[in-house]
Amino acid sequence: VKRIALLGMPNTGKSTLFNRMTGARARVGNWPGVTVDLLGARLLLGAQMVQLVDLPGIYDLGGHSEDERVVMDFLRNNRVDLALVMANAAHVERQSALLAELLRLKIPLVLVLNMADEAAQLGIRIDARRLGARLGMPVCLISAKHGQSMRELDSLLRAAMEAAPAPASMLDANEIDAAVQENVSIPAQASHALSGRIDSLLLHRRLGLPLFFGAMFLLFEAVFLLGKPVQDAIAWGFVQFRADLLDPSLSAWPPLARGLLLDGVYSGLATVGSFVPLIVLFFLAMALLEDTGYLSRAAFLMDALMSRLGLDGRSFVMVLMGFGCNVPAIMGTRVMRSRGLRLLTMLVIPLSLCSARLQVFLFLIAALFPAHIAPLVLFSLYLVSIGTALLTSALFRRRFVNVEPLVLEMPPYRFPTMRHILLRSWQEVRHFLKRASAFIVAGVVLVWILTTFPEQAAQGGAGTWAAQIGDWLQPLLSPLGIDPRLTIALIFGLVAKEVVIGALVVIYGQEGGSLAAAIAQHIDWVQAYSFMLFALIYTPCLSTIATLRAEARDRAFTALAVIWPLCLAWSVSFLFYQGARLVAAS
Amino acid sequence: VQPSRASAEPLKSTLDTLLAGSEGTILSVDAGEALYHRLAALGLRVGKRIRLLRRAPFGGPLHVRLGTTEIMLRAGEARCVQVALDPAPPGERR
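Throughout, a residue's number is its position along its own chain's written sequence, starting from 1. Here chains are named by letter from A upward and ligands by number from 1 upward, in the order in which they appear as written. Totals for whole chains, interfaces and linings use all residues, but because this is a predicted model, local features are given only for residues with pLDDT of at least 70 and pairs of side-chain atoms are given and counted only at 80 or more. By convention in this description, side-chain values take in all heavy atoms of the structure and omit both hydrogens and water.

(A) Focus on the nonpolar core. Counting 107 residues, the largest nonpolar core has Phe 212 and Phe 361 of chain A as its most contacted members. Each helix is a run of DSSP H or I of at least 4 residues and each strand a run of E of at least 2, with the numbering of both proceeding from the N terminus. A total of nine residues in this core trace back to one element, the largest contributor, which is helix H23 (residues 525-537) of chain A. Ignoring any residue separated from it by four or fewer positions in sequence, one finds Phe 212 of chain A in contact with Tyr 294, Ala 298, Leu 301, Met 302, Phe 316, Val 317 and Leu 320 of chain A. Here, the term nonpolar core denotes a set of buried Ala, Val, Leu, Ile, Met, Phe, Trp, Tyr and Cys residues that are joined through side-chain atoms within 4.5 Å. Throughout this description, buried means an accessible area under 20% of the type-specific maximum (1.4 Å probe, protein chains only), exposed means over 50%, and partly exposed covers the range between. With 67 residues, the next largest nonpolar core counts Ala 100 and Ile 176 of chain A together with Leu 35 and Leu 52 of chain B among its residues. The contact criterion used is simple: two residues touch if any of their non-hydrogen atoms lie within 4.5 Å.

(B) Structural view of the interface of chain B and chain A. The partner chain A presents 41 residues to the 31 residues of chain B that form the contact. With both sides pooled, the region where chain B packs onto chain A buries about 3,000 Å², and carbon together with sulfur makes up 57% of that total. Taken as a group, Arg 38, Thr 68 and Met 72 of chain B account for 26% of the area that chain B buries against chain A, more than any other trio of residues on that side. Salt bridges are defined as contacts in which a side-chain nitrogen from Lys or Arg sits within 4 Å of a carboxyl oxygen from Asp or Glu. Our count for the chain B to chain A interface comes out at one salt bridge. The residue Arg 74 of chain B makes a salt bridge to Asp 303 of chain A at a minimum N-O spacing of 2.7 Å. We define a polar contact as two N or O atoms separated by no more than 3.5 Å, with the added condition that, inside protein, one atom must be a possible hydrogen donor and the other a possible acceptor, whereas residues neighbouring each other in sequence contribute only through side-chain atom pairs. Remark: the boundary between chain B and chain A carries nine residue pairs in polar contact (both at pLDDT 80 or more). Of all the secondary structure elements, the ones that give two or more residues to the side of chain B that touches chain A are helix H2 (33-41), strand S3 (49-55), strand S4 (62-66) and strand S5 (69-73) of chain B. Broken down by element, the residue count for the side of chain B that touches chain A peaks at eight residues, all from H2 of chain B. Across the side of chain B that touches chain A, the residue classes tally to 14 nonpolar, eight polar and nine charged. A simple way to read buried area is as the amount of 1.4 Å-probe accessible surface that goes missing from two parts once joined, with both sides added. In this classification, Asp, Glu, Lys and Arg are treated as charged, Ala, Val, Leu, Ile, Met, Phe, Trp, Tyr, Cys and Pro as nonpolar, and every other residue, Gly included, as polar.

(C) Representation of the pattern of salt bridges. In total, this model carries 18 salt bridges over all chains according to the counting rule given. Measuring nitrogen to oxygen at the nearest pair gives 3.6 Å for the salt bridge that ties Asp 247 of chain A to Arg 242 of chain A. In this structure Arg 242 of chain A comes out as partly exposed when scored by relative accessible area, which is 22%. For the salt bridge of Arg 581 of chain A with Asp 524 of chain A, the shortest nitrogen-to-oxygen distance reads 2.9 Å. Pair noted here: Arg 581 of chain A is in helix H25 (residues 555-585) and Asp 524 of chain A is in the loop between helix H22 (512-522) and H23, with a separation of 57 residues, a long-range link. Residue class for Asp 524 of chain A comes out partly exposed when judged on its relative accessible area of 29%. By sharing partners, the salt bridges in this structure join Glu 23, Arg 49, Arg 51 and Asp 86 of chain B into a single network.

(D) Inspection of the side chain of Gln 474 of chain A at higher detail. Take Gln 474 of chain A: it is sitting in helix H19 (residues 474-477). Residues within four places of Gln 474 of chain A in sequence aside, it is in contact with Pro 479, Ile 482, Asp 483, Pro 484 and Thr 487 of chain A.

(E) Local environment of the sheet that holds S4 of chain B. Two strands are counted as paired when DSSP detects at least two bridges linking them. Within the open sheet, the seven strands sit side by side as S10(A)-S5(B)-S4(B)-S3(B)-S2(B)-S6(B)-S1(B). Their pairing is antiparallel. On the outer flanks of this sheet lie strand S10 (407-409) of chain A together with strand S1 (11-14) of chain B, each paired with one strand and no other. Each adjacent strand pair in this sheet contributes to an overall mean axis angle of 35°, direction not counted. Relative to S5 of chain B, S4 of chain B runs antiparallel, the two sharing five bridges. Bridging from a neighbouring strand, Leu 62 of chain B pairs with Leu 73 of chain B of S5 of chain B. Here, axes are lines fitted to C-alpha atoms. For helices the fit covers the stretch in contact, and angles between N-to-C directions go from 0 to 180 degrees. Against the sheet, H2 of chain B contacts S10 of chain A together with strand S2 (23-29) and S5 of chain B, and its axis sits at roughly 15° relative to S10 of chain A.

(F) Local environment of the sheet that holds strand S6 (residues 109-114) of chain A. Residue and element names in this part refer to chain A. Strand order in the open sheet made by the seven strands is S2-S3-S4-S1-S5-S6-S8, with mixed pairing throughout. For this open sheet the edge positions go to strand S2 (27-29) and strand S8 (139-141), each flanked by a neighbour on one side alone. Adjacent strand axes in the sheet meet at a mean angle of 30°, parallel and antiparallel pairs treated alike. Bridge count for strand S1 (residues 2-8) against strand S4 (residues 48-54) is five bridges, and the pairing is parallel. Its bridge partner lying in S4, Ile 4 is registered against Leu 52.

(G) Highlighting the side chain of Arg 3 of chain A. All names here are of chain A. Here Arg 3 is to be found in strand S1. Here Arg 3 sits buried without a salt bridge, and the closest side chain of opposite charge, Asp 81, lies 6.3 Å off (N-O distance). A polar atom in the side chain of Arg 3 sits 3.1 Å from the side chain of Gln 51. A polar contact of 2.9 Å, which involves the side chain of Arg 3, links it to the backbone oxygen of Arg 79. Excluding anything up to four places from it in sequence, Arg 3 contacts Trp 31, Gln 51, Val 53, Phe 74, Asn 78, Arg 79, Val 80, Asp 81 and Leu 82. The sign given to each residue is positive for Lys and Arg and negative for Asp and Glu; His and the chain ends receive no count.

(H) Looking closely at H25 of chain A. All names here are of chain A. Expected span, for any helix, means 1.5 Å times one less than how many residues it has. Helix length check: H25 (31 residues) gives 45 Å between terminal C-alpha atoms against 45 Å at 1.5 Å per residue, within 8%. The complete set of buried residues in H25 reads Phe 557, Thr 558, Leu 560, Ala 561, Trp 564, Pro 565, Leu 568, Ala 569, Ser 573, Tyr 577 and Ala 580. Here H25 starts with a cap whose side-chain oxygen sits 3.0 Å from the backbone nitrogen of Ala 556, and that cap is Asp 554.

(I) Summary view of the pairing of S3 of chain B. Residues and elements named next belong to chain B. Within S3, five of the seven residues are buried, which leaves it mostly tucked inside the rest of the structure. The sheet contact formed by S2 and S3 spans three bridges and is antiparallel. Residue Glu 23 lies in a different strand from S3, and its bridge partner there is Arg 51. Across four bridges, the pairing between S3 and S4 is antiparallel.

(J) Seen up close, the pairing of strand S3 (residues 38-45) of chain A. All names here are of chain A. Among the eight residues in S3, six count as buried, and that is most of the element. Sheet topology places S2 next to S3; three bridges connect them, and they run antiparallel. The residue of S3 that forms the bridge with Gly 29 is Leu 38. The pairing of S3 with S4 spans seven bridges and is classified as antiparallel. Bridge assignment links Leu 39 to a residue of S4, and that residue is Asp 54. Here S3 hands over to S4 after two residues, with Gly 46 in that stretch at a positive phi of 65°.

This is the structure:
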């Protein structure tokens, strides 16, 4: 199978074109010599099956960034029959250096000038045929977003694949510049007037930040308004499926095998499944922010504060996303080029008080605090969440150094296309399912084993290995006011934080209001707050750990991301609990 | 030949010290290799026209326009860029 590589600068619409050409058939895969997964897909060009690979966006082949090294490694270790070079038609004039470098690779090239619609709006005129003749390679002008001239591109690629054109002539950057200047006419005052007007409002010195926070708040509300019912419906579906189909049909099985299958594997799958709607919606929101061009504006507004913490403006957006769900936020850090910056951001994100933890806190706060101070308690937990995030990044900024100069393109505001956004979210969800499901199921099975064995012990009760671990941990956790029962709940919480409530149901043998009453009888508010602090900060949930592991590809880092919050959680709870006891005693 | 400038020597200044709304021509880019290439790839090269659109609040990054491209960069990076300022025509300063 012949192979076509898709190359170009960031923000040229590479992935839009890739999605348009391949639809939902794309798969992430490993490639020789390359450490990251790349999207690839097979497609029919005329009668020929070819493979199209989407390479990361690069500014040049200098190897200064991780992405540049990925592209170079890929080209060195994999045969490429044709390179499809994407450039933004509105700024062809500054993309000549990359083109000159690609010419030196002696791979047949096709130059695709994208965003023909925007270029036309700016009054930019391009003579693609003459430009192609000068450059010695086929050139075509398209709009990947609107699917304009896709047929022309198709026939161009078909011809290029069949004729296998000899490596194009060796022009240098200056000659390419000259060719571009002859065939591209840019009006003197080309600017995106509407974008400029929107910017003068959204990036306003005083209004910019409030508008940003308002927009993020609304986005959040929308995600939960839409996501929660869907999530509940899926959870209900899993429960019903089990009650109606699995329980009856497996009733003849030995209890242990049934337990392993239902409480272990099936609950694991249900955990993964319940994450899907939130991930879909958060990726829809992220894709919307990115495609409209607002993400770089948010980074612009927040960078002043974040740069002092060793992060940058984009980190802030990701941390904010983490308040919904840590998993998509961690996946979103892929836009960062500096590995140090990316790891630091990934270390900070799990400290965001996600929606799963929110459920636990809402329950406990309602159980132990009078209604009029409940909102304050919750707000204080959000403050702790942000405080630990700031502390973590301040402490680790020297270990994960951000070497990336923040130089970002501010694209004009654009209307996103539904098709592209949906395809992208779908790809991310599939990526998450593929990467995380085995890991999460294994984790749930482990917790099931811990709370089931030895056989004579009651499920989740005293005498199980989990309870034994709870007892061993008492010297460590009793200074925090966390008793053995709560410890077992925390062990369950390793799987997913929302499981903590379910665990308390099993442990106390009570549900809903009576559970709240039972808990209120056993612990006081100081213990409850200490427990919530611990539950807020201690290790990320299994889905988050799985994502961290997959994204960082570094065991030591993943271990740090698990152990550091654990130590921090212990210290914060210890200080709070002992402090509160001291105050009460005096 | 630009007669409007003949009256005054062009003011030289680094990009990070410009006022929002001012415009000029890039005289030099004194950056390390990686940054130099990155800036060049985004159109920030010697001889190009540049306009400082705005600064982010609290000493944040700068928003500049180069031809048809708009980029943001931090003051630290902007310090590497020398600009020959246009004399401001009356009434155009924001």
